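Residue-level listing of the chains:
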2 protein chains.
Amino acid sequence: MTGTAPAAARELDVPSGAPARVPTPEPGDPRLARLSLNQRTTARWSLREAVDGCVAAGIGSIGVWREPLAEAGLDTAARMIRDAGLRVSSLCRGGFFTVSEPSARAAAHAENIAALDEAAALGCDTLVLVPGGLPEGDRDLAGARQRVAEAVAELVAPARARGVRLGIEPMHPIFAADRGVISTLAQALDLAEQHPADVVGVVVDTFHVWWEPGVLDQIARAGRRIVSYQVCEWITPLPADTLLSRGMMGDGHIDFRTLTRAVAAAGYTGDVEVEIFNADVWAAPGAAVLATMARRYVEIVEPHL
Amino acid sequence: MTGTAPAAARELDVPSGAPARVPTPEPGDPRLARLSLNQRTTARWSLREAVDGCVAAGIGSIGVWREPLAEAGLDTAARMIRDAGLRVSSLCRGGFFTVSEPSARAAAHAENIAALDEAAALGCDTLVLVPGGLPEGDRDLAGARQRVAEAVAELVAPARARGVRLGIEPMHPIFAADRGVISTLAQALDLAEQHPADVVGVVVDTFHVWWEPGVLDQIARAGRRIVSYQVCEWITPLPADTLLSRGMMGDGHIDFRTLTRAVAAAGYTGDVEVEIFNADVWAAPGAAVLATMARRYVEIVEPHL
């Protein structure tokens, strides 16, 4: 990589401000073939801006979030993405299964059906499911986990009917109270394996699972149930807002080489989403974020796929 | 508890500022028999102040930290604690096993031997081991975990010779990068079970393990290997400094009833340490902290022992 220093030195990585370590891959570079921009990485961009940004950067896939999708309008969005020639690697997100009142549960189910419809309309075969946290004042973690299992079961037939796979996302235990009560890949697989592999899978997000004892065995166990591989970094000190505590690959502690090789060995051939919730990343110009993420991806992740 | 409201209303809990829900237990109250103040809960107090605070509050046991112990001097401290009639429930802390250079490893081992000597001098039979995080720039989590196993093995004979048990403390995955690479009670037990149960055990700290899938089974598995039960709370939103993100029991999301019953059912008969790293707790007067922790303990924890 030292031979590329003169070219790379023209650009700075975000948010670190360090000189780029490799040249930015050009559109058409075959190493970009499986890279996907999760919209959350450029949270200030509209869907239109994200689609245009992907095209300009030569990124052929996008992970779409429901909120900007609703702003754009489903039909408009589907046409926009299709016209741009992009794949939709996932729709984020369904889930939030842990509410306990019957009316709230029915509302959550209806939202998930709507999300499945949207995924199908976008030609997207993967709906990411965020399990949800403990309801206010509720300390019954086992009960909340049981409600996740029940709610997932209710989505299996609707998902199959629409040709969309459900991706249960285990979330780092930092979020067990308030975002996601499914805390390990092992636990997500215990849940997914109650259903056919072509309908219920798991999301492997490096931020969430990098620390898990036995994670390589669990990735192998997941096999073709891996419906999405998402990459972002664990950085220290953790930013003050834990929801925004993710970093750019290479800026932290995660061994992307080993995890990525395990995901590839498990048979995963899909897109690789970069999903970074981070205030400093969001404050940077979107094009600079995409350039950095493409560089870090071809340097740290793609060689191991 | 409503019948106690008139008495309780005279005091406020810290750091919440809410009216006390139960009267403060008086010194000699049998419900306080197993309560221990971990010194970290009153971090601004010297050992002298902590010992006096325990005596005033009727708390018969203290978890001692090595830094304030060194400030007081070992002989002075041992006499002070003995004269006050306190037990030392644990010495915090040994560990930090993950360094990789031979000289650093030798220094860490020597520090652990010194900690064992101090525990023995205090008449304390439990040394808490914090595993340590990833060395700077090192992303080999499996390697770091292996070094913990090796370093623990080297401490078994010295610990046995001094009559001190080693307590491996699994730490919440929020600390996997920078404090403790042993992330679950299951993983700590895999490690402890390589050695005799009378020398190598585990620390069950509610903050660290409350989220762990299967934690009740792991507590049962631990049985008499539980050498310390520490209680503090997971609160949201998490305070900005994750090292200080622990809360007062009852202010957050942890089900102390279920965890405490499991620890009791496993056969644990030792002291229960309250260990709270929290800037707001530290800013409160120590006596108010001890009063709140005693109230919360008799309300939320002690009935389930």
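Parameters and conventions
- Residues numbered from 1 in each chain as written.
- Chains lettered and ligands numbered in written order.
- Predicted model: local features only at pLDDT ≥ 70, side-chain atom pairs only at ≥ 80, totals over all residues.
- Heavy atoms only, no water.
- Salt bridge = Lys/Arg side-chain N within 4 Å of Asp/Glu carboxyl O.
- Helix = DSSP H or I, 4+ residues; strand = E, 2+ residues; numbered from the N terminus.
- Buried < 20%, exposed > 50% of the residue type's maximum accessible area, 1.4 Å probe, protein only.
- Pairing = 2+ DSSP bridges.
- Axes fitted to C-alpha atoms, helices over the stretch in contact; angles between N-to-C directions.
- Contact = heavy atoms within 4.5 Å.
- Core = buried A, V, L, I, M, F, W, Y, C linked by side-chain atoms within 4.5 Å.
- UniProt positions renumbered as here; feature names shortened; annotations may be inferred.
- Polar contact = N/O pair within 3.5 Å; in protein donor to acceptor, adjacent residues only side chain to side chain.
- Parallel < 35°, antiparallel > 145°, perpendicular 65-115°, else oblique.
- Left-handed = near helix turned anticlockwise from the far one by under 90°.
- Buried area = accessible area lost by both parts, 1.4 Å probe.
- Nonpolar A, V, L, I, M, F, W, Y, C, P; charged D, E, K, R; others polar.
- Least-squares fit on C-alpha atoms with pLDDT ≥ 70 in both.

A separate point is the pattern of salt bridges. Counted under the stated rule, the structure contains 38 salt bridges over all chains. Across the pair Arg66(A) and Glu118(A) runs a salt bridge whose closest N-O atoms are separated by 2.9 Å. Here Arg66(A) is found in helix H3 (residues 66-72), whereas its partner Glu118(A) is found in helix H5 (residues 102-121), with 52 residues between them in sequence. On the basis of relative accessibility, which here comes to 16%, the residue Arg66(A) falls in the buried class. According to the relative accessible area criterion, Glu118(A) is buried, its value standing at 16%. Residue Arg246(B) pairs with Asp205(B) through a salt bridge whose shortest N-O separation is 3.3 Å. With Arg246(B) in strand E9 (residues 246-247) and Asp205(B) in strand E6 (residues 200-205), this pair connects stretches of sequence that are 41 residues apart.

All names here are of chain B. Taken in spatial order, the 8 strands line up as E1-E2-E3-E4-E5-E6-E7-E10 and close into a barrel, and their pairing is parallel. The sheet shows a mean angle of 30 degrees between the axes of neighbouring strands, direction not considered. Where strand E7 (residues 226-231) and strand E10 (residues 272-274) come together, 3 bridges link them in parallel fashion. Within E10, the position partnered with Gln230 by the bridge is Glu273. Contacts from helix H12 (residues 286-301) reach strand E1 (35-38), E7 and E10, with the element oriented near 140 degrees to E1.

Right, let's talk about the nonpolar core for a bit. Counting residues in hydrophobic clusters, the biggest one holds 208 residues, and the most contacted among them are Trp210(A), Ile219(A), Trp210(B) and Ile219(B). Aside from chain neighbours lying at most four places away, what touches Trp210(B) is Leu134(A), Leu141(A), Ala176(A), Ala177(A), His172(B), Val215(B), Trp234(B), His253(B), Ile254(B) and Leu259(B).

Under the local residue numbering, the UniProt record ascribes the feature "domain: Xylose isomerase-like TIM barrel" (unreviewed entry) to residues 55-288 of chain A. Helix and strand shares over residues 55-288 of chain A are 43% and 18% respectively, and the end C-alpha atoms of the span are 14 Å apart.

Residue and element names in this part refer to chain B. Residue classification places Asp205 among the buried positions, given a relative accessible area of 0%. For Asp205, the side chain forms a polar contact with the side chain of Arg246, separated by 3.3 Å. Residues within four places of Asp205 in sequence aside, it is in contact with Glu169, Gln230, Cys232, Arg246 and Glu275.

Residues and elements named next belong to chain A. Tracing the backbone shows Trp65 in strand E2 (residues 61-65). We classify Trp65 as buried; its relative accessible area is 3%. The spacing of Trp65 and Leu47 is 18 residues in sequence and 8.8 Å in space, taken between C-alpha atoms. If we ignore the near neighbours within four places in the chain, the residues touching Trp65 are Asn38, Gln39, Arg40, Leu91, Cys92, Arg93, Glu275 and Phe277. A polar contact is formed between the side chain of Trp65 and the side chain of Asn38, at a distance of 2.8 Å.

All names here are of chain B. Between helix H7 (residues 185-192) and helix H9 (residues 215-222), the least distance of the axes is 9 Å, while the angle of their chain directions is 25 degrees. Looking at the two axes, H7 sits roughly parallel to H9. Like other packed secondary-structure pairs, H7 and H9 cross with a definite hand, here left-handed. Every residue of H9 that contacts H7 at Leu185, Ala186, Leu189 and Asp190 is listed here: Val215, Gln218, Ile219, Arg221 and Ala222.

Bringing the interface of chain A and chain B into the picture now. Each partner contributes to the interface: chain A provides 27 residues, whereas chain B provides 28 residues. Regarding the contact of chain A and chain B, the summed buried area is about 2,200 Å², with carbon and sulfur atoms giving 64% of it. At the surface where chain A touches chain B, the tally comes to 0 salt bridges. Inspection of the region where chain A meets chain B yields 10 residue pairs in polar contact (both at pLDDT 80 or more). Per-class residue counts for the side of chain A that touches chain B are 13 nonpolar, 9 polar and 5 charged.

Another aspect to go through is the packing of H9(B) against helix H10 (residues 256-265) of chain B. Two quantities define a packed helix pair, namely the angle between the axes and the distance from one axis to the other. All names here are of chain B. Their axes nearest at 8 Å, the elements H9 and H10 cross at an angle of 20 degrees. Between H9 and H10, the angle is such that the two are roughly parallel. Judged by the sense of rotation from one axis to the other, the crossing of H9 with H10 is right-handed. Counting all contacts with H9, which are made through Val215, Leu216 and Ile219, the residues of H10 involved are Thr258, Leu259, Ala262 and Val263. Its residues assigned to classes, the contact of H9 with H10 shows 6 nonpolar, 1 polar and no charged.

The next subject is helix H7 (residues 185-192) of chain A. Residues and elements named next belong to chain A. The element H7 is largely enclosed, with a buried count of 7 among its 8 residues. What H7 keeps buried is the set Leu185, Ala186, Gln187, Ala188, Leu189, Leu191 and Ala192. On its buried face, H7 is in contact with helix H6 (141-162), strand E5 (165-168), strand E6 (200-205), helix H8 (206-209) and helix H9 (215-222).

Let's shift gears to the relation of the copies chain A and chain B. Overlaying chain A on chain B yields an RMSD of 0.0 Å, the required transformation being a rotation through 180 degrees with an accompanying axial translation of 0.0 Å. Look at the turn and shift together and you get a two-fold axis relating the two. Closest to the rotation axis within chain A is the C-alpha of Ala240(A), separated from it by 2.0 Å. Most of the interface of chain A is mirrored in chain B, where 100% of its interface residues again form contacts.

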